[in-house]
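Chain residues, written in single-letter form:
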Amino acid sequence: MTLGIGIIGAAGRMGRMLVEASQQLDGFHLAAACDRAGGSAVGRDAGELAGLGALGVQVAEKVTEAVQAADVVIDFSLPDATERVASACADAGRPLVLGTTGLGPEQQAAVDRLAEQVAVVQAANYSTGVTLLTALVEQAAHALGDSADVEIIEAHHRHKVDAPSGTALRLGEAVAGVLGRDLHEHAVYGREGQEGPRDRRTIGFETIRAGDIVGEHTVLFAGDGERLELTHKASRRSTFAFGAYRAAMWASQQPPGRYDMRDVLGIAGSAAGIESPR
Ligand SMILES: NC(=O)c1ccc[n+]([C@@H]2O[C@H](COP(=O)([O-])OP(=O)(O)OC[C@H]3O[C@@H](n4cnc5c(N)ncnc54)[C@H](OP(=O)(O)O)[C@@H]3O)[C@@H](O)[C@H]2O)c1
């Protein structure tokens, strides 16, 4: 028996990739697809939208319809869908793999409430490489402490709407957590004009939006006389889709809770070699 996946945001860049991946991976079938109500994708065949030919799954406009038809829901849409998706998953008791980034506090609270009832995997980046990058960044921050300036540089395609990327913010939180800093207090987003010398405890973010860049993240640790740069480059969107399916299979067997890709990969709490932030 294969796991039925319901895709929210099925007509988007990631959604179409997720539809394609459903046909490439063993153990899954596309059970349902949904996109923005009133949008041009509604009623169309999800396979045709993804350039695959008809799969017999029409894009629904009601989130509840797509959620009920699925065993596990994968949502890569936009934050304005999140509360509706969370409430539909809670009502139907369906695990959720959430890829949508840029959530506000109320949207995040809805996800947190859902995680009390079902398994929720939430990751700003579903690639294995970025999951490992985060662990390596924590290890570097732990070893370097306050001796290095930390800057996070990210680049994405021209269509991306949120900045800095969810992944960049997650990397910033990882550094801040290890160094005992509050990211809200210490983050600096871009620089311009007479800003004065850099405060060592700040964590800087630089954003590039250009062309068709799938996603690049560098965490730079610069001290006196040397610097360390840890970089991940995604070259295909399919890496996120395959990671999301891995998370969906894993979530289908988990008790309620909020998890991330480290849990899915089985490296939670160990890869960085750190037991607790100092
Ligand atoms: N976690 C990761 O690994 C990862 C990787 C890549 C992207 N992302 C994130 O995934 C999200 C989608 O990215 P994308 O590049 O695929 O964006 P996109 O091309 O804009 O696709 C989003 C799709 O969701 C639809 N949508 C918007 N609101 C909706 C609603 N309320 N209900 C149902 N569908 C709705 C959009 O319709 P309209 O066009 O009508 O708005 C669009 O078809 C973003 O938040 C992005 O940052 C995460």
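Residues numbered from 1 in each chain as written. Predicted model: local features only at pLDDT ≥ 70, side-chain atom pairs only at ≥ 80, totals over all residues.

Trainee: Teacher, can you tell me more about the packing of helix H4 (residues 82-92) against helix H5 (residues 105-114) here?
Mentor: Pairs of packed helices are described in terms of their axes, by the angle between the two and the distance that separates them. One way to put it is that H4 packs onto H5 with a least axis distance of 9 Å and a crossing angle of 15 degrees. The orientation of H4 with respect to H5, classified from their angle, is roughly parallel. As H4 runs across H5, the sense of the crossing is left-handed. The segment H4 lies against H5, with Thr82, Glu83, Ala86, Cys89 and Ala90 engaging Gln107, Ala110, Val111 and Leu114. (Axes fitted to C-alpha atoms, helices over the stretch in contact; angles between N-to-C directions. Helix = DSSP H or I, 4+ residues; strand = E, 2+ residues; numbered from the N terminus. Parallel < 35°, antiparallel > 145°, perpendicular 65-115°, else oblique. Left-handed = near helix turned anticlockwise from the far one by under 90°. Contact = placed C-beta atoms within 7 Å.)

Trainee: I would appreciate a short explanation of the site of the ligand in the present structure.
Mentor: Around the ligand, 25 residues are found, and the nearest of them are Gly9, Gly12, Met14, Ser77 and Ala81. Sort the elements by how many residues they give to the shell around the ligand and helix H1 (residues 13-24) lands first, with three residues. Considered class by class, the residues forming the shell around the ligand number 11 nonpolar, 10 polar and four charged. (Near = placed C-beta within 6 Å. Nonpolar A, V, L, I, M, F, W, Y, C, P; charged D, E, K, R; others polar.)

Trainee: Teacher, can you tell me more about the pairing of strand S1 (residues 3-8) here?
Mentor: In summary, the side chains of a regular strand alternate between the two faces of the sheet. Relative to strand S2 (residues 28-34), S1 runs parallel, the two sharing six bridges. Residue pairing in the sheet places Ile8 in a bridge with Cys34 of S2. Handedness of the crossover joining S1 and S2 through H1 is recorded here as right-handed. As paired elements, S1 and strand S4 (residues 72-75) share four bridges and run parallel to each other. Looking across to S4, one finds that Ile5 is bridged to Val72. (Pairing = 2+ DSSP bridges. Right-handed = clockwise from strand over helix to strand, strands pointing away.)

Trainee: What exactly am I supposed to notice about the sheet that holds S2 here?
Mentor: Strands in a sheet are paired, the pairing made by backbone hydrogen bonds, and the direction either parallel or antiparallel. Read across the open sheet, the seven strands follow the order S3-S2-S1-S4-S5-S6-S12; overall the sheet is parallel. One side of each edge strand has no neighbouring strand; the edge strands of this open sheet are strand S3 (59-60) and strand S12 (257-259).

Fair warning: the whole summary comes from geometry, so function is off the table for now.
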